[in-house]
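Summary of the model geometry
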Amino acid sequence: MSNLELRRTVALVGLMGAGKTSVGRRLAQELNLPFVDADTEIEAAAGQSIEEIFVCRGEAFFRDGERRVIARLLDGAPHVLATGGGAFMDASTRALLKERAITVWIKADIDILLARVARRNHRPLLKQGDKRAILEKLMAERHPVYADATFTINSGDGPPEEMVAAIMARLEDYIAGHPEAGAAAVTP
Ligand code: S3P
């Protein structure tokens, strides 16, 4: 565990398959903060899976719920938050995330994303056609917006621990320049 004490939430953004959840869990342990997955919170609030929400109520309904759930989470104590891939694309969610959280874009190339999303088949947006074509389109639309995150970490195909170490190093630098966002805890 590190000696960094964050006073702000760290929100992970990036495309489906970037590793936000697996990296986020480990990062939370390292920072001694709770881990929260926005999609899981949306499912709990709706009493339905993301897939059911998309099918029964549509994407616009999902985005409304996503906006409300993330706003509520950002009102709470600092934590590590894995956001769904579309969350940062919503202007008001993005503004809130940028105001209240340290945002980290986990950037991965198409082959890494494809390999990771192939492991499970629960993502409604990827059921609408060829996964590579969908992800390429989303990359073109979303990458310029994700680039607005506080900082970007490039994901290779190594283990999540490598990403956690890279994020920790960037967080330490960030806190050094933004003391209001955290401190290096004094060990007794
Ligand atoms: C979405 C990403 C998903 C989930 C929903 C929509 C998106 O989350 O929120 O299926 O628009 O990219 P993950 O990025 O965690 O897969």
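Residues numbered from 1 in each chain as written. Predicted model: local features only at pLDDT ≥ 70, side-chain atom pairs only at ≥ 80, totals over all residues. Heavy atoms only, no water.

With that settled, the discussion passes to the sheet that holds strand S4 (residues 80-82). As summarised here, the arrangement of the five strands in space is S3-S4-S2-S5-S6, forming an open sheet in which the pairing is parallel. Each of the sheet's edge strands pairs with one partner strand only, and the pair in question is strand S3 (35-37) and strand S6 (151-154). The average undirected angle you get between the axes of adjacent strands in this sheet is 25°. Bridge count between strand S2 (residues 9-13) and S4: three bridges; the pairing is parallel. Bridge pairing in S4 places Ala-11 opposite Leu-81. (Pairing = 2+ DSSP bridges. Helix = DSSP H or I, 4+ residues; strand = E, 2+ residues; numbered from the N terminus. Axes fitted to C-alpha atoms, helices over the stretch in contact; angles between N-to-C directions.)

Our next topic: the side chain of Arg-63. Along the chain, Arg-63 turns up in helix H4 (residues 59-75). Look past the residues within four positions of Arg-63 in its chain and what remains in contact with it is Phe-54, Gly-86, Ala-87, Leu-125 and Arg-142. (Contact = heavy atoms within 4.5 Å.)

Right, let's talk about the site of the ligand for a bit. What surrounds the ligand is a group of 13 residues, the closest being Lys-20, Asp-39, Arg-63, Arg-123 and Arg-142. One of the side-chain nitrogen or oxygen atoms of Arg-123 is found 2.7 Å away from an oxygen atom of the ligand. Take Arg-142: an N or O atom from its side chain is 2.7 Å from an oxygen atom of the ligand. Within the complex, the protein chains bury 94% of what would otherwise be the 380 Å² of accessible surface of the ligand. For the shell around the ligand, the per-class residue count stands at five nonpolar, three polar and five charged. (Near = heavy atom within 4 Å. Polar contact = N/O pair within 3.5 Å; in protein donor to acceptor, adjacent residues only side chain to side chain. Areas by Shrake-Rupley, 256 points an atom, 1.4 Å probe, with all protein chains shown as cover. Nonpolar A, V, L, I, M, F, W, Y, C, P; charged D, E, K, R; others polar.)

A word on the pairing of strand S5 (residues 101-107). Buried residues dominate S5, accounting for six of its seven residues. Relative to S5, S2 runs parallel, the two sharing five bridges. Residue pairing across strands places Thr-9 opposite Ala-101, the latter belonging to S5. In the sheet, S5 pairs with S6 via four bridges, with the strands oriented parallel. Across the sheet, Val-104 pairs through a bridge with Phe-151, a residue of S6. (Buried < 20%, exposed > 50% of the residue type's maximum accessible area, 1.4 Å probe, protein only.)

Relative orientation of the contacting elements helix H6 (residues 110-117) and helix H7 (residues 131-146) amounts to 130°, with a least axis distance of 10 Å. By the angle class used here, H6 and H7 are oblique. Read as a crossing pair, H6 and H7 show a hand that is right-handed. Across the interface between the two elements, Ile-110, Asp-111, Leu-113, Leu-114 and Val-117 from H6 touch Lys-131, Arg-132, Leu-135, Glu-136 and Met-139 from H7. The residue makeup of the contact of H6 with H7, split by class, is six nonpolar, no polar and four charged. (Parallel < 35°, antiparallel > 145°, perpendicular 65-115°, else oblique. Left-handed = near helix turned anticlockwise from the far one by under 90°.)

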